[in-house]
Amino acid sequence: STNLAPKKIAKYGTCIGGKGDEFKGCSLLIIAWDDRNCSPYQGRNIDLNCMMEPVSTSPLSRIAICGGTHGNEMSGVYLVRELQKQNLEKVGAASITTVISNPRAIAMCKRYTDMDLNRCFTDALLSSPLKDDTPYELRRAQELNALLGPKGSLQAMDLVCDLHNTTANVGLSLITYFNKDWLILHIYRHIQRSITSAPVRLILLDIPYADAYSVDTLGKHSLSFEVGPQPHGVIRADIFNIMKEAVNKTLDWVQCYNSGRAFEGGEVDDVYIHVKSIEYPKDPVTNHITAAIHPQLQDRDFGLLHQGEPMFLTFSGDVLKYEEEEALHPFFVNECAYYEKNIAFHLARKIKITIPTLQVKR
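Calculation notes
- Residues numbered from 1 in each chain as written.
- Predicted model: local features only at pLDDT ≥ 70, side-chain atom pairs only at ≥ 80, totals over all residues.
- Heavy atoms only, no water.
- Helix = DSSP H or I, 4+ residues; strand = E, 2+ residues; numbered from the N terminus.
- Buried < 20%, exposed > 50% of the residue type's maximum accessible area, 1.4 Å probe, protein only.
- Contact = heavy atoms within 4.5 Å.
- Areas by Shrake-Rupley, 256 points an atom, 1.4 Å probe, with all protein chains shown as cover.
- Core = buried A, V, L, I, M, F, W, Y, C linked by side-chain atoms within 4.5 Å.
- Pairing = 2+ DSSP bridges.
- Axes fitted to C-alpha atoms, helices over the stretch in contact; angles between N-to-C directions.
- Lys, Arg positive; Asp, Glu negative; His and termini not counted.
- Salt bridge = Lys/Arg side-chain N within 4 Å of Asp/Glu carboxyl O.
- Expected span 1.5 Å × (residues − 1).
- Phe/Tyr/Trp six-rings, centres within 6.5 Å; stacked < 30°, edge-to-face > 60°.
- Parallel < 35°, antiparallel > 145°, perpendicular 65-115°, else oblique.
- Left-handed = near helix turned anticlockwise from the far one by under 90°.
- Polar contact = N/O pair within 3.5 Å; in protein donor to acceptor, adjacent residues only side chain to side chain.

In terms of helices and strands, the chain carries six helices and 18 strands. Within the chain, the proportion of its 362 residues that are buried is 53%. Counting contacts in the chain only where the partners sit at least 6 residues apart, residues at least 24 apart contribute 71% of the total. Taken as a whole, the chain presents about 16,500 Å² of accessible surface, with 50% of it coming from carbon and sulfur.

See below:
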């Protein structure tokens, strides 16, 4: 239920409970839109008696693994360097390209030098003319577009994976765009079933493709890995190993997929659709923040935040509570890099999706 009257309904059919051509049941992911912003605000699964055919998609022949898009997120930097040291160039029939995305920021151990590289991959920015005063990261984004894309073209990499760290307690979180990409959902389910060293979740961003801003969107299929908590500029062995295992499981899946194995459909859980961001309270005169994340919320990423529960503890000792009626799931709670954006955390709605059987197209 929702307070907004739905204007449009999109139905994404997916099947469960069957093998081969014998499907016993089906679900439809129902997403309702508000015409004012054209974004989904409610999703749920409804079981129906219907059928859905298995899906066949093209082989993954060219894969890119990027690290150091943010120059102080060290797990991806060291993992890509290790893959380069091992001369990893092929996995089965797929060629592998490893990329150090932002070498100048890495040398300075900073998130970026002029502007956030991972916000430079919109269609508008990638097509903007370069000038003498063009920021370094925008120049680098266009170089990466030439190397891994061009974005949206047939020549683009089949899959681009981008490796990130966060100071928030998110475990292993995969991020992709809300575009019904069955292949990415299958990869996510494989990683979730395979990795036990950290909780594994999927974040879906509802952003039009032209406005998608991250480096992974240069590929036909896009996937970012966020692993934390880890302080920026620091490498933790446990966090590094989680990221390494996630990349290895992804490449294992790709090799099986390209070999012709059919991946059975079914339910995908722990999926979170981004709803909105919560800002820090600020002093209207000084523009300084006036509160910190409340101790009861700190490190509770992906827990459920209910109306009346504390969000912030002001520096004068007051508790600021969550006032919305709908309980939502906070994530990237107290992320260090978001202070410059005044974002305290994001809120998401949790859903389940059922996906069809998938096999490579021959």
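One finds Leu172, Leu174, Phe225 and Trp253 to be the most contacted residues of the largest nonpolar core, which totals 53 residues. Of the residues forming this core, the biggest block, ten residues, is contributed by helix α6 (residues 237–258). With near-sequence residues (within four places) excluded, Phe225 lies in contact with Cys161, Asp162, Leu163, His164, Leu172, Ser173, Leu174, Ile191, Ala246 and Thr250. Grouped together as the second largest cluster of nonpolar side chains are 15 residues, Val99, Phe121, Leu126 and Leu148 included.

Attention now goes to the sheet that holds strand β15 (residues 319–321). Within a sheet, each strand pairs with its neighbour through backbone hydrogen bonds, oriented either parallel or antiparallel. Pairing within the open sheet is antiparallel, and its three strands lie in the order β13-β14-β15. Each end of this open sheet is capped by a strand with a single partner; those strands are β13 (291–293) and β15. Each strand axis lies, on average, 35° off the axis of its neighbour in the sheet, ignoring direction. Where β13 lies against strand β14 (residues 310–314), three bridges are found, and the strand directions are antiparallel.

Before going further, it helps to examine the sheet that holds strand β5 (residues 62–67). Pairing within the open sheet is mixed, and its ten strands lie in the order β6-β7-β5-β8-β11-β9-β10-β12-β17-β16. Only two strands of the sheet have a single neighbouring strand rather than two, namely β6 (90–91) and β16 (329–331). For strand β10 (residues 200–205) and strand β12 (residues 266–279), the ladder comprises three bridges, and the chain directions are parallel. Across the sheet, residue Ile203 finds its bridge partner in β12, namely Tyr272. Here helix α4 (residues 136–148) sits on the sheet in contact with β5 and β7 (94–100), set at roughly 170° to β7. Taken strand by strand, α6 contacts β5, β6, β7, β8 (159–165), β9 (171–177) and β11 (221–228), and its axis lies near 170° from that of β8.

With that settled, consider the side chain of Glu335. The topology assignment puts Glu335 in the loop between β16 and β17 (343–355). No salt bridge is formed by the buried Glu335. Its closest oppositely charged neighbour is Arg111, at 4.9 Å. With residues up to four places along the chain from it excluded, the contact list for Glu335 reads Thr166, Thr167, Ala168, His232 and Ala344.

In terms of burial, β7 is a largely internal element, five of the seven residues being buried. Bridge analysis of β5 against β7 gives six bridges, and the strand direction is parallel. If you follow Cys66 over to β7, its bridge partner there is Val99. Bridge analysis of β6 against β7 gives two bridges, and the strand direction is antiparallel. Across the sheet, residue Val91 finds its bridge partner in β7, namely Ala94. Two successive antiparallel strands, β6 and β7, enclose a turn made up of two residues, where Gly92 displays a positive phi of approximately 60°.

On to α6, then. If you check α6, its first and last C-alpha atoms are 31 Å apart, about what 22 residues at 1.5 Å a residue would give, namely 32 Å. Gly260 sits one or two residues past α6 and shows a positive phi near 110°.

Under the criterion given, the structure shown has nine aromatic pairs. A ring pair is formed by Tyr280 and Phe312, whose centres lie 5.8 Å apart and whose planes are at 50°; its orientation type is tilted. Residue Tyr280 is located in the loop between β12 and β13, and its partner Phe312 is located in strand β14; the two are separated by 32 residues in the primary sequence. The pair formed by Tyr280 and Phe312 is uniform in burial state, with each residue classed as buried. Taken together through their ring pairs, the aromatic side chains of Tyr272, Phe302, Phe331, Phe332 and Tyr338 make up a single cluster.

Here the focus is the packing of helix α1 (residues 74–85) against α6. At a minimum axis separation of 10 Å, α1 and α6 run at an interaxial angle of 55°. When the axes of α1 and α6 are compared, the pair comes out oblique. As for how α1 packs across α6, the hand of that crossing is right-handed. Between α1, through Ser75, Gly76, Tyr78 and Leu79, and α6, the contact on the second element is made entirely by Ile239, Phe240, Met243, Lys244 and Val247.

Any two side chains of opposite charge can pair if their charged atoms end up close together. One pass over the structure, following the stated rule, counts eleven salt bridges. Lys276 serves as the salt-bridge partner of Glu324, at 3.4 Å between the closest nitrogen and oxygen. One end of the pair, Glu324, is in the loop between β15 and β16; the other, Lys276, is in strand β12, with 48 residues separating them in the sequence. Overall, Glu324 belongs to the partly exposed group, its relative accessible area being 39%. A cluster of three or more residues bridged by salt bridges with shared partners is formed by Glu73, Arg111, Asp116 and Lys341.

Now for the environment of Ser101. Relative to the assigned elements, Ser101 resides in the loop between β7 and α2 (103–108). Along the sequence, Ser101 and Leu117 sit 16 residues apart, while their C-alpha atoms lie 8.6 Å from each other. Residue contacts for Ser101: discarding those within four places in its chain leaves Cys66, Gly67, Gly68, Thr69, Leu117, Arg140, Leu144 and Asp162. A polar contact of 3.1 Å, which involves the side chain of Ser101, links it to the side chain of Thr69.

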